[in-house]
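This is what each chain is made of:
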Amino acid sequence: MNTHQYRLVSSLLLACGATAAMAGSVQVTVKSADGKPVADTVVLLQPTASWTPQPLPAPAVIAQKDIKFMPYVSVVPVGGTVRFVNKDAYDHHVRSLPGGPLGTVAPAKQFEIRMPAAAGGKEASNDLKMDVPGVIALGCHLHGSMRGHVFVSLTPWYAVTDANGRATVEGVPEGQAELRLWHPDQLTDQAPVQVQVAAAPLSAEAKLNFTPRRRNNTPAARDSNNY
């Protein structure tokens, strides 16, 4: 390696190191108004300063399996794609529905797609681009108990809480950022929280302004509780 090549490689390594140092991870624990961990909460981190456009991720896969949408809550950035896959041995539909606990939030995108049954080792799939920010409730024309939710995000840094109410957002630019939450059961927007992101991992806690109702996923209870 000659001197010029050495300097070029060194410069690239330094640039890569600087880029890595400018991003951090944020672990958020979300609790309800009564202090219990909350699953299926969308966690959004939006830097206060402008940021470099991020590449779109691979399609977010939402499966129709055992007469359920899995996962129950998904997030994609504006311009991202959702891939619906029918894994059941019978036909389904995917259609957009009004969201919110009262069904009063118009879907950000209107659509209805027929999903043939999985057969012969093949599963029907359909890709749909999400080009408008907002929320979309999902339903199936053939199975009224099926519900799911898609959040189309303006920020590329997001995650969904697990059963312990935890979510980790990776690669957030260093500096001040606004932490926001969204849950399918909320009636009003959640108050944003200001956080300071650094290269070192950050842990934060956030609290919903309500207590979500409990979802019962047993087959006998899905019709009344699987909103």
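Residues numbered from 1 in each chain as written. Predicted model: local features only at pLDDT ≥ 70, side-chain atom pairs only at ≥ 80, totals over all residues. Heavy atoms only, no water.

**Some words on the side chain of T29**
Turning to step 1, where the next piece is worked out: Along the polypeptide, T29 turns up in strand 1 (residues 23-31).
Turning to step 2, where the next piece is worked out: Using a relative accessible area of 15% as the deciding quantity, one classes T29 as buried.
Turning to step 3, where the next piece is worked out: In this structure, T29 is in contact with G165, R166, A204, E205 and A206, ignoring residues within four places of it in sequence. (Helix = DSSP H or I, 4+ residues; strand = E, 2+ residues; numbered from the N terminus. Buried < 20%, exposed > 50% of the residue type's maximum accessible area, 1.4 Å probe, protein only. Contact = heavy atoms within 4.5 Å.)

**Some details on the sheet that holds strand 16 (residues 202-207)**
Turning to step 1, where the next piece is worked out: Taken in spatial order, the three strands make up an open sheet running 13-1-16, and their pairing is mixed. Two strands lie at the open edges of the sheet, namely strand 13 (166-173) and strand 16, each paired on one side alone. Sheet twist, expressed as the average angle between the axes of neighbouring strands with direction ignored, equals 30 degrees.
Turning to step 2, where the next piece is worked out: Both strand 1 and strand 16 contribute to a ladder of six bridges, which runs parallel. Each residue of the ladder has a partner; that of V28, found in strand 16, is A204. (Pairing = 2+ DSSP bridges. Axes fitted to C-alpha atoms, helices over the stretch in contact; angles between N-to-C directions.)

**Describing the confidence of the model for the chain**
When pLDDT is low, close inspection of the predicted coordinates is not appropriate.
Turning to step 1, where the next piece is worked out: Looking at the chain, the pLDDT average stands at 88 and 85% of residues meet or exceed 70.
Turning to step 2, where the next piece is worked out: Of the regions scoring below 50 in pLDDT, residues 1-21 engages in four contacts with residues more than four places distant in sequence or in other chains.
Turning to step 3, where the next piece is worked out: In this model residues 218-227 is a low-confidence stretch, pLDDT under 50, and it forms 30 contacts with partners more than four residues away in sequence or in other chains. (pLDDT = per-residue confidence, 0-100.)

**Details of the pattern of salt bridges**
Turning to step 1, where the next piece is worked out: Under the counting rule described, the total for this entry stands at five salt bridges.
Turning to step 2, where the next piece is worked out: Taking the shortest distance from any N to any O, the salt bridge between D127 and R83 comes out at 2.7 Å. Of the two residues, D127 is situated in strand 9 (residues 124-130) and R83 in strand 6 (residues 80-86); the sequence distance between them amounts to 44 residues.
Turning to step 3, where the next piece is worked out: Using a relative accessible area of 38% as the deciding quantity, one classes D127 as partly exposed.
Turning to step 4, where the next piece is worked out: For R83, a relative accessible area of 32% puts it in the partly exposed group.
Turning to step 5, where the next piece is worked out: We note a salt bridge from R180 to E178, for which the minimum N-O separation is 2.9 Å.
Turning to step 6, where the next piece is worked out: Taking the relative accessible area as the measure of exposure, R180 reaches 33% and is therefore partly exposed.
Turning to step 7, where the next piece is worked out: For E178, a relative accessible area of 24% translates into the label partly exposed. (Salt bridge = Lys/Arg side-chain N within 4 Å of Asp/Glu carboxyl O.)

**Thoughts on the sheet that holds strand 3 (residues 60-65)**
Turning to step 1, where the next piece is worked out: Taken in spatial order, the four strands line up as 4-3-6-9 in an open sheet, and their pairing is mixed. Here the strands that pair on one side only, and so sit at the sheet edges, are strand 4 (68-70) and strand 9. On average, adjacent strands in this sheet sit at an angle of 20 degrees to one another, irrespective of strand direction.
Turning to step 2, where the next piece is worked out: As defined by bridge partners, strand 3 adjoins strand 6 across five bridges and the pair is classed as parallel. Bridge pairing links A63 to V85 in strand 6.

**Considering the packing of aromatic side chains**
Turning to step 1, where the next piece is worked out: Applying the stated criterion across every chain yields a total of three aromatic pairs.
Turning to step 2, where the next piece is worked out: For the pair F84 and F111, a centre-to-centre distance of 6.1 Å together with 40 degrees between the ring planes defines the contact as tilted. Residue F84 is found in strand 6, and its partner F111 is found in the loop between strand 7 (92-97) and strand 8 (112-115); the two are separated by 27 residues along the sequence. Of the two residues examined, F84 and F111, each falls in the buried class. (Phe/Tyr/Trp six-rings, centres within 6.5 Å; stacked < 30°, edge-to-face > 60°.)

**Some words on the nonpolar core**
Turning to step 1, where the next piece is worked out: Residues V43 and L45 are the most contacted members of the largest nonpolar core, which totals 20 residues.
Turning to step 2, where the next piece is worked out: Among the secondary structure elements, those contributing two or more residues to this core are strand 1, strand 2 (42-47), strand 13, strand 14 (175-182), strand 15 (193-197) and strand 16.
Turning to step 3, where the next piece is worked out: Excluding anything up to four places from it in sequence, L45 contacts V26, T155, W157, V169, V172, A177, E178, L179 and V195. (Core = buried A, V, L, I, M, F, W, Y, C linked by side-chain atoms within 4.5 Å.)

**Here we look at unusual backbone geometry**
Turning to step 1, where the next piece is worked out: The omega torsion of the bond from M70 to P71 falls at 0 degrees, within 30 degrees of zero and hence cis.
Turning to step 2, where the next piece is worked out: Tracing the backbone through its elements, the reader meets P71 in the loop between strand 4 and strand 5 (73-77).

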